[in-house]
Amino acid sequence: MSKVLKNHGYKTVTASTGKEGLQLISSNCPDLILLDLGLPDIDGQSIIRSVRSWTSCPIIVISARTTETDKVLALDNGADDYITKPFMLGELCSRIRAQLRRSGMGSQEKTTFLKSGDITIDLLGSKVWLNGKTLELTNAEYRLLCLLVKNEGLIMTREKILDELWDSNKDFVDDNTLSVYVRRLREKVESNPSQPEHLITVRGFGYQWKEVSL
């Protein structure tokens, strides 16, 4: 999660225990907190109450606890949102943006560039560079590249990619068309498209983007 959030332009600090988390929150004054309830030393509900006693920083709970009682208690203790596992990373990013907007920090979480190894993407200008050289991409290739880079290291199923590439104009992208997009994108970003190092096929699942410098 930390790596994905960094690719979206966020700076993150992580803690594996409640005590460490409280210390980091106190010293870093974060704009938002992602909190698991199942911590090894302090229950997450106690963390919420402790943090809420001295800061209004948004808290999003991410937990495997699915009962209504746990959700209500977390919200009553001061959590701003509650996401149950498993969840899609796109949903998490959407929830983060919503909480930052509500807290007045929305403008700070915006990023204009994505970088992965030798690939740099200008999100505002819709431009891509490979080792400093401009890549000429079609709209579909650009959107596919952005989707993969934003989810770097994760296995993206073909179904998920097809769903994401279904644009606002409802232009249909089928499985065969996706294969064509992948092949063409490899021809532009890989030094050897037949042996890709960036855009990897995960047989039986989909694709994975890896950060390498070719």
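Just so it is clear, the model here is predicted, and its values are computed rather than measured.

Engineer: Give a detailed account of the sheet that holds strand β1 (residues 33-35), specifying residues and quantitative values.
Structural biologist: Note on sheets: strands pair through backbone hydrogen bonds, and any given pair is parallel or antiparallel. The parallel open sheet is built from three strands, whose spatial order is β1-β2-β3. A single partner strand is all that each edge strand has here, and the edge strands are β1 and β3 (81-84). Looking at each pair of strands side by side, their axes are set apart by 20 degrees on average, direction ignored. One ladder, built from four bridges, connects strand β2 (residues 59-63) with β3; its direction is parallel.

Engineer: Go over the nonpolar core with me, naming the residues and quoting the values.
Structural biologist: Counting 26 residues, the largest nonpolar core has Ile 119, Ile 121, Leu 144, Leu 148 and Ile 161 as the members making the most contacts within it. Looking at this core, the elements with two or more residues in it are β5 (119-122), β6 (127-130), α6 (139-150), α7 (158-165), α8 (175-189) and β10 (206-209). Those residues in contact with Ile 119 that sit more than four places away from it in its chain are Leu 114, Val 128, Trp 129, Leu 130, Leu 135, Leu 145, Val 189, His 198 and Trp 209.

Engineer: Tell me what's going on with the packing of α6 against α8, and back it up with residues and numbers.
Structural biologist: At a minimum axis separation of 10 Å, α6 and α8 run at an interaxial angle of 80 degrees. Comparing their axes, α8 and α6 come out roughly perpendicular. Each of Ala 140, Glu 141, Leu 144, Leu 145 and Leu 148 in α6 lies in contact with α8, whose residues at this interface are Leu 178, Tyr 181, Val 182, Arg 184, Leu 185 and Lys 188. Partitioned by chemical class, the residues of the contact of α6 with α8 number eight nonpolar, no polar and three charged.

Engineer: Help me get a handle on the sheet that holds strand β4 (residues 113-116), residues and values and all.
Structural biologist: With antiparallel pairing, the four strands of this open sheet are ordered in space as β4-β5-β6-β7. On the outer flanks of this sheet lie β4 and β7 (133-135), each paired with one strand and no other. Direction aside, the axes of adjacent strands within the sheet are offset by 25 degrees on average. Judged from the four bridges that link them, β5 and β6 form a sheet pairing that is antiparallel.

Engineer: Break down the pairing of β5 for me, citing the residues and quoting the values.
Structural biologist: Where β4 and β5 come together, four bridges link them in antiparallel fashion. By the bridge assignment, Leu 114 is partnered in β5 with Ile 121. Counting the residues that bridge the hairpin from β5 to β6 gives four residues, and of these Ser 126 lies at a positive phi of roughly 55 degrees.

Engineer: Describe the environment of Gly 78, naming the residues involved and giving the relevant values.
Structural biologist: The residue Gly 78 is located in the loop between α4 (68-77) and β3 in this model. Here Gly 78 falls in the buried class, since its relative accessible area comes to 16%. Taking the C-alpha atoms as reference points, Gly 78 and Leu 5, 73 residues apart in sequence, are found 24 Å from one another. Beyond its immediate chain neighbours, meaning those up to four positions away, Gly 78 contacts Ile 48 and Arg 52.

Engineer: Let's hear about the pattern of salt bridges: which residues, and what values?
Structural biologist: All chains considered together, the criterion is met by eight salt bridges. Taking the shortest distance from any N to any O, the salt bridge between Glu 141 and Lys 188 comes out at 2.7 Å. In this pair, Glu 141 sits in helix α6 while Lys 188 sits in helix α8, placing the two residues 47 residues apart along the sequence. Given the relative accessible area of 29%, Lys 188 is considered partly exposed. The closest approach of N and O atoms between Glu 187 and Arg 183, which form a salt bridge, is 3.4 Å. Of this pair, Glu 187 and Arg 183 both sit in helix α8, four residues apart, which is roughly one turn of the helix. Glu 187 sits in the partly exposed class, given a relative accessible area of 47%. Accessibility expressed as a relative area gives 44% for Arg 183, which makes it partly exposed. One salt-bridge network, in which partners are shared between bridges, spans Asp 81, Glu 91 and Arg 95.

Rules used in this analysis
Residues numbered from 1 in each chain as written. Predicted model: local features only at pLDDT ≥ 70, side-chain atom pairs only at ≥ 80, totals over all residues. Heavy atoms only, no water. Pairing = 2+ DSSP bridges. Helix = DSSP H or I, 4+ residues; strand = E, 2+ residues; numbered from the N terminus. Axes fitted to C-alpha atoms, helices over the stretch in contact; angles between N-to-C directions. Core = buried A, V, L, I, M, F, W, Y, C linked by side-chain atoms within 4.5 Å. Buried < 20%, exposed > 50% of the residue type's maximum accessible area, 1.4 Å probe, protein only. Contact = heavy atoms within 4.5 Å. Parallel < 35°, antiparallel > 145°, perpendicular 65-115°, else oblique. Nonpolar A, V, L, I, M, F, W, Y, C, P; charged D, E, K, R; others polar. Salt bridge = Lys/Arg side-chain N within 4 Å of Asp/Glu carboxyl O.

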